Amino acid sequence: MKFHSPQNSLLVCFLLVSSPAVAGHGFVTTFGDIEWLPEPGRTPDTVGYQFDSWSEAGQLWLATTARQVVDLSLGFAREKLAETEAMLTAQDTSAARIALEQYWYYIDRAEQALPQAADGQDEDGIALVEALTTHLLEHQYILTIIHTDLSVESRGILREVFTTAQQRYPRIADRLPRKKRGALFFKEEEVRWSVEMALREDEEGG
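Residues numbered from 1 in each chain as written. Predicted model: local features only at pLDDT ≥ 70, side-chain atom pairs only at ≥ 80, totals over all residues. Heavy atoms only, no water.

### Quick word on the overall build of the protein
Here comes step 1: Helix and strand counts for the protein come out as eight helices and zero strands.
Here comes step 2: Classification of the 206 residues of the protein by burial places 41% in the buried group.
Here comes step 3: Pairs at least 24 residues apart make up 70% of the contacts formed inside the protein by residues separated by at least 6 positions.
Here comes step 4: Working note: accessible area of the protein is about 11700 Å², and carbon and sulfur atoms make up 56% of it. (Helix = DSSP H or I, 4+ residues; strand = E, 2+ residues; numbered from the N terminus. Buried < 20%, exposed > 50% of the residue type's maximum accessible area, 1.4 Å probe, protein only. Contact = heavy atoms within 4.5 Å. Areas by Shrake-Rupley, 256 points an atom, 1.4 Å probe, with all protein chains shown as cover.)

Structure follows, in structure tokens:
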């Protein structure tokens, strides 16, 4: 859409400048209300890290519904991303990879807990699929923000995460009804753009 009149130009400037959340591309971000990662707590480079894994496994074992498994798994996945950020910032790539392995494990657990079919007759199932797809988008977006402050070696690990996430996301998102999937369009496009910019920065040696 083109804006030719001074009034329209002023309106566009007002909307962009007055918005509380503007992304790096200059447009209002669809992730303005995103919840950032929690404090990492124990990280893979510390003694007792395995105890956290046992505790998480115990909580999942006690879960009795798909909703409980998905909620727990997504919560644990966010913690693993926080651990990953901490380890990448410390340039401990081996520990970061351990955290990422755990991250994908919990994403797998959430996906496995989804109902076999989430159609218009199964609102609970649709809500679980939507929760997982939304979290995957938010996780990718957060990592594109983190990416800027990392070393070249650490960025290489995130490149692998972006590639895996971009491959897995459509398989899960395609289980949503068309209307629900359509509602995620702008988030999907912003994530795609943010990932492309992050990878381009790597290629240009930024």
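### What to know about the packing of helix H3 (residues 66-89) against helix H5 (residues 123-147)
Here comes step 1: One way to put it is that H3 packs onto H5 with a least axis distance of 11 Å and a crossing angle of 5°. In terms of axis orientation, H3 runs roughly parallel to H5. Along the contact surface, H3 presents Ala66, Arg67, Val70, Leu74, Ala77, Arg78, Leu81 and Glu85, while H5 presents Ala127, Leu128, Ala131, Leu132, His135, His139, Leu143 and Ile146.
Here comes step 2: Taken together, the residues of the contact of H3 with H5 break down into 11 nonpolar, two polar and three charged. (Axes fitted to C-alpha atoms, helices over the stretch in contact; angles between N-to-C directions. Parallel < 35°, antiparallel > 145°, perpendicular 65-115°, else oblique. Nonpolar A, V, L, I, M, F, W, Y, C, P; charged D, E, K, R; others polar.)

### Let's talk about the confidence of the model for the protein
Here comes step 1: In this model, the protein carries an average pLDDT of 83, and 83% of its residues clear a pLDDT of 70 or more.
Here comes step 2: This model gives residues 1-27 a pLDDT under 50, and the stretch forms 21 contacts once residues within four places in sequence are excluded. (pLDDT = per-residue confidence, 0-100.)

### Observations regarding the pattern of salt bridges
Any two side chains of opposite charge can pair, on the condition that their charged atoms come close.
Here comes step 1: Inspection of the entire model under this criterion finds 14 salt bridges.
Here comes step 2: For Glu188, the salt bridge identified is with Arg181, shortest N-O distance 2.7 Å.
Here comes step 3: By relative accessible area, Glu188 is classed as buried at 16%.
Here comes step 4: Classification of Arg181 as partly exposed rests on a relative accessible area of 21%. (Salt bridge = Lys/Arg side-chain N within 4 Å of Asp/Glu carboxyl O.)

### What about helix H6 (residues 152-173)?
Here comes step 1: For H6, with 22 residues, the first-to-last C-alpha span of 31 Å sits near the 32 Å given by 1.5 Å per residue.
Here comes step 2: Looking at H6, one finds that the buried residues are Ser154, Arg155, Ile157, Leu158, Val161, Phe162, Ala165, Arg168, Tyr169, Ile172 and Ala173.
Here comes step 3: Those residues of H6 that are buried are in contact with H3, helix H4 (93-113), H5, helix H7 (178-183) and helix H8 (185-203). (Expected span 1.5 Å × (residues − 1).)

### Focus on the nonpolar core
Here comes step 1: Of all hydrophobic cores here, the largest spans 50 residues; its most connected members are Ile107 and Leu132.
Here comes step 2: Secondary-structure elements contributing two or more residues to this core are H3, H4, H5, H6 and H8.
Here comes step 3: Residues within four places of Leu132 in sequence aside, it is in contact with Leu74, Ile107, Ala110, Glu111, Leu114 and Ile172. (Core = buried A, V, L, I, M, F, W, Y, C linked by side-chain atoms within 4.5 Å.)

### Some thoughts on the packing of aromatic side chains
Here comes step 1: Within the structure shown, the criterion is met by six aromatic pairs.
Here comes step 2: Look at Phe51 and Trp54: their rings are 5.1 Å apart centre to centre, the planes differ by 80°, and that puts the pair in the edge-to-face class. Of this pair, Phe51 and Trp54 are both found in helix H2 (residues 49-62), three residues apart, which corresponds to roughly one turn of the helix.
Here comes step 3: Accessibility expressed as a relative area gives 49% for Phe51, which makes it partly exposed. (Phe/Tyr/Trp six-rings, centres within 6.5 Å; stacked < 30°, edge-to-face > 60°.)

### Quick look at the side chain of Thr43
Here comes step 1: Along the chain, Thr43 falls in the loop between helix H1 (6-18) and H2.
Here comes step 2: Here the side chain of Thr43 touches Asp45 through a polar contact of 2.3 Å, side chain to side chain.
Here comes step 3: Ignoring sequence-local partners within four residues, the contact set of Thr43 consists of Tyr49, Glu83, Ala86 and Met87. (Polar contact = N/O pair within 3.5 Å; in protein donor to acceptor, adjacent residues only side chain to side chain.)

### Side note on the environment of Ala99
Here comes step 1: Mapped onto the elements of the fold, Ala99 is located in helix H4.
Here comes step 2: Given the relative accessible area of 0%, Ala99 is considered buried.
Here comes step 3: Separated by 17 residues in sequence, Ala99 and Ala82 place their C-alpha atoms 8.7 Å apart.
Here comes step 4: Excluding its chain neighbours within four sequence positions, the residues that come into contact with Ala99 are Pro44, Tyr49, Lys80, Glu83 and Thr84.

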